[in-house]
Amino acid sequence: MIDEKQFGREENGILSKGSEQTDTLRRRAEDIFLRKAAGMPKDLEALSPEEVRQLVYDLQVYQIELEMQNEELHRSQRELEASRARYFDLYDLAPAGYFTLNESGLILEVNLTAATLLGVARSALVKQPLTRFILPADQDIFYRHRKLFFETESPQVCEIRILRAGAAPFWVRIDATVVRDVDSAFICRAMMVDITDLKQSEEALRKSAEWMRRALGATVQAIAVIVETRDPYTAGHQKKVADLARAMATEMNLPANRTDGIRMASAIHDLGKISVPAEILSNPKKLTALEFSLIKTHAQSGYDILKGIEFPWPVARMVLEHHERMDGSGYPQGLIGEEILLESRILAVADVVESMASHRPYRPALGLDPALKEIENNKGTLYDSGAVDACLRIFRGKGYKMIG
Ligand SMILES: [Fe+2]
């Protein structure tokens, strides 16, 4: 039933907002009635009892219908208010700042969170350029971002620093989408999230990774120095192999991180020679079969020393596999083809080229050309084709020179 008390309530915007509006409605209803009454019989007493009953019936039905419509209006009103409350919770109190910009970058609307982030009252933000709140050094980033999303009409993300009165600049991520408003003009709806904590964590992580990288580099360098101090005839060999393998990996378009791993492993790939008697390593005569078999243990020994160290690259495995050959004729495991890690195949080619090109205790240097011929002739059988091609390209096509 109708709750009559609700008529004329201030918040009842559908029916009336006060007694003045009620009176106006009443006058309008009376006018309509008077116009309609012109067509009604003037003498109601002339109506038959049946006609009177019908008229009363019609009026009662009409009244019930009006009451039902009124109840429906009240229900819609309550739903509208609930929807407004939900909108307030979801939009204004959202954990992210929301704002709408026009094509010139002026703020059309913001939620409470965005106003709090910018440290300005919401009403004072309307018609303000968003760039007013962006750190000058980051304004170009935002201009490019704005140009891009209006040009491409596709969602865009950027990270910039925001200025807030009395506080240090802080980082935000802006996710923007372009839509058309009711007049078909482009507007940008954007979400702004404070990512200062994330940026600080990223920076701490970057510094920590950089520190780890330097510490690992220094450790690898210390191992290389120990090996070369004990084995002066191969002094510089590891360093030269490391630079060549790095250049080959770069030529093969390997990611920078994998290239770093190859350079690190190459710099200590003969570490296992520490377990081989010094007099065998420095023996100027041709090696006996027994001596050679002792030298061959260096791949496994190097692996055994390194396997417990957690490098971010498969360093121990590269050291273990640097004498493996594509056809299975290498050592220590006799691996075939892709059973050998790509990094190890690159290291193997660099090792052969440097070894043949340089002086050895038991022979003079053979020279670079025979070394390149060796890998060219055995490409695909002993040596990885891609690694050989890269090595030949950098020496013959790009003028690569062995360091030292
Ligand atoms: Fe070796």
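Predicted model only: the values in this text are computed from it and were never measured.

**Student:** Quick question: what am I supposed to make of the overall build of the protein chain here?
**Tutor:** Scanning the protein chain from terminus to terminus reveals 15 helices and five strands. Its C-alpha radius of gyration of 42 Å places the protein chain more than 25% over the 22 Å reference for a compact globule of 404 residues. Dimensions of the protein chain, computed from the C-alpha atoms along their principal axes, are close to 145 × 55 × 40 Å. Within the protein chain, counting contacts between residues at least 6 apart in sequence, those at least 24 apart form 52% of the total.

**Student:** Any chance you could explain the packing of helix 14 (residues 368–377) against helix 15 (residues 385–397) here in plain terms?
**Tutor:** Between two packed helices, the angle of one axis relative to the other and the distance separating the axes together describe the packing. Between helix 14 and helix 15, the least distance of the axes is 10 Å, while the angle of their chain directions is 150 degrees. What the angle tells us is that helix 14 and helix 15 run roughly antiparallel. For helix 14 against helix 15, the interelement crossing comes out left-handed. Residues Leu372, Ile375 and Glu376 of helix 14 touch helix 15, and the partners they reach there are Val388, Cys391, Leu392 and Phe395.

**Student:** Would you mind showing me how to read unusual backbone geometry here?
**Tutor:** Most of the time, phi is negative for any residue but glycine, and the peptide bond is trans. Of note, the amide linkage connecting Tyr331 to Pro332 takes the cis form, showing an omega dihedral of 5 degrees. Relative to the elements of secondary structure, Pro332 occurs in the loop between helix 12 (315–321) and helix 13 (342–357). For Asn253, which is not glycine, the phi dihedral falls at a positive 60 degrees. Along the chain, Asn253 turns up in the loop between helix 7 (237–251) and helix 8 (256–267).

**Student:** Just to check I follow, could you spell out the pairing of strand 2 (residues 107–110) for this structure?
**Tutor:** Each regular strand displays side chains that alternate between the two surfaces of the sheet. Here strand 1 (residues 97–102) runs beside strand 2; their pairing, made up of three bridges, is antiparallel. Bridge pairing in strand 2 places Leu101 opposite Ile107. Here strand 1 folds back onto strand 2 in antiparallel fashion, the turn holding four residues, of which Gly105 has a positive phi close to 85 degrees.

**Student:** For this particular structure, what's the right way to read the nonpolar core?
**Tutor:** The nonpolar side chains of soluble globular proteins are, as a tendency, buried together. In terms of nonpolar packing, the biggest core is built from 41 residues, with Ala245, Met248, Val319 and Val349 touching the most fellow members. Those elements that provide at least two residues to this core are helix 6 (196–230), helix 7, helix 8, helix 11 (298–306), helix 12, helix 13, helix 14 and helix 15. Element by element, the count of residues in this core is highest for helix 13, at eight residues. Look past the residues within four positions of Val319 in its chain and what remains in contact with it is Ala265, Ile268, His269, Leu271, Ala299, Gly302, Tyr303 and Leu306.

**Student:** How should the pairing of strand 1 be read in this particular structure?
**Tutor:** The side-chain alternation of strand 1 yields one buried face, formed by Gly97, Phe99 and Leu101, and one unburied face, formed by Tyr98, Thr100 and Asn102. Bridge count for strand 1 against strand 5 (residues 186–194) is six bridges, and the pairing is antiparallel. Paired with Phe99 across the two strands is Ala190, which belongs to strand 5.

**Student:** I keep staring at the environment of Pro364 and nothing clicks. Help me out?
**Tutor:** Relative to the helices and strands, Pro364 resides in the loop between helix 13 and helix 14. With 253 residues separating them along the chain, Pro364 and Asn111 place their C-alpha atoms 79 Å apart.

**Student:** Any chance you could explain the confidence of the model for the protein chain here in plain terms?
**Tutor:** Reading fine detail from the predicted coordinates is not recommended where pLDDT is low. Predicted confidence across the protein chain gives a mean pLDDT of 87, with 92% of residues reaching 70 or more. By mean pLDDT, helix 1 (residues 19–37) is the weakest element of the protein chain at 78, and helix 12 is the strongest at 97. Contacts of residues 1–16 to residues separated by more than four positions or lying in other chains number 22 contacts, the stretch itself having pLDDT below 50.

**Student:** Honestly, the sheet that holds strand 2 in this entry has me stumped. Any pointers?
**Tutor:** Within a sheet, neighbouring strands are paired by backbone hydrogen bonds and run either parallel or antiparallel to one another. Taken together, the five strands give an open sheet; going across it, the order is 2-1-5-4-3, and neighbouring strands pair in antiparallel fashion. Looking along the sheet, the strands with just one partner apiece sit at the ends: strand 2 and strand 3 (156–164). Geometrically, the sheet is characterised by an average inter-axis angle of 30 degrees between neighbouring strands, direction not taken into account. Taken strand by strand, helix 5 (residues 139–152) contacts strand 3, strand 4 (167–180) and strand 5, and its axis lies near 145 degrees from that of strand 3.

**Student:** Looking at this structure, how should I read the environment of Leu382?
**Tutor:** When you line up the elements, Leu382 lands in the loop between helix 14 and helix 15. Placed 33 residues apart in sequence, Leu382 and Val349 show a C-alpha to C-alpha distance of 9.3 Å. In this view, Leu382 contacts Arg325, Met326, Asp327 and Ser329; residues no more than four positions away in its chain are not counted.

**Student:** Can you walk me through the packing of helix 13 against helix 14 in this structure?
**Tutor:** Interhelical geometry of helix 13 versus helix 14 gives an angle of 145 degrees and a closest axis separation of 8 Å. Note that helix 13 runs across helix 14; the crossing there is right-handed. Residues Val349, Val352, Val353, Met356 and Ala357 of helix 13 touch helix 14, and the partners they reach there are Leu368, Pro370, Ala371, Leu372, Glu374 and Ile375. Looking at the contact of helix 13 with helix 14 residue by residue, the classes come out as 10 nonpolar, no polar and one charged.

**Student:** Please explain the domain arrangement of the protein chain as it appears in this structure.
**Tutor:** Interface extent is often summarised as the accessible area lost during association of the parts. The domains assigned to the protein chain are domain 1 (4–89), domain 2 (97–194) and domain 3 (201–397). Just the C-alpha atoms count here: the centres of domain 2 and domain 3 sit 53 Å apart.

**Student:** Help me understand the environment of Ile195 in this model?
**Tutor:** Considering the arrangement of structural elements, one finds Ile195 in the loop between strand 5 and helix 6. Under the C-beta neighbour-count criterion, Ile195 is labelled partly exposed, with 15 such atoms within 10 Å. A C-alpha to C-alpha distance of 9.6 Å links Ile195 and Arg161, two positions 34 residues apart in sequence.

Cut-off values and rules
Residues numbered from 1 in each chain as written. Predicted model: local features only at pLDDT ≥ 70, side-chain atom pairs only at ≥ 80, totals over all residues. Helix = DSSP H or I, 4+ residues; strand = E, 2+ residues; numbered from the N terminus. Rg over C-alpha atoms; globule rule 2.2 N^0.38 Å. Contact = placed C-beta atoms within 7 Å. Axes fitted to C-alpha atoms, helices over the stretch in contact; angles between N-to-C directions. Parallel < 35°, antiparallel > 145°, perpendicular 65-115°, else oblique. Left-handed = near helix turned anticlockwise from the far one by under 90°. Pairing = 2+ DSSP bridges. Core = buried A, V, L, I, M, F, W, Y, C linked by C-beta atoms within 7 Å. Buried ≥ 20, exposed ≤ 12 C-beta atoms within 10 Å, placed from the backbone. pLDDT = per-residue confidence, 0-100. Nonpolar A, V, L, I, M, F, W, Y, C, P; charged D, E, K, R; others polar. Domains from an automatic or database assignment.

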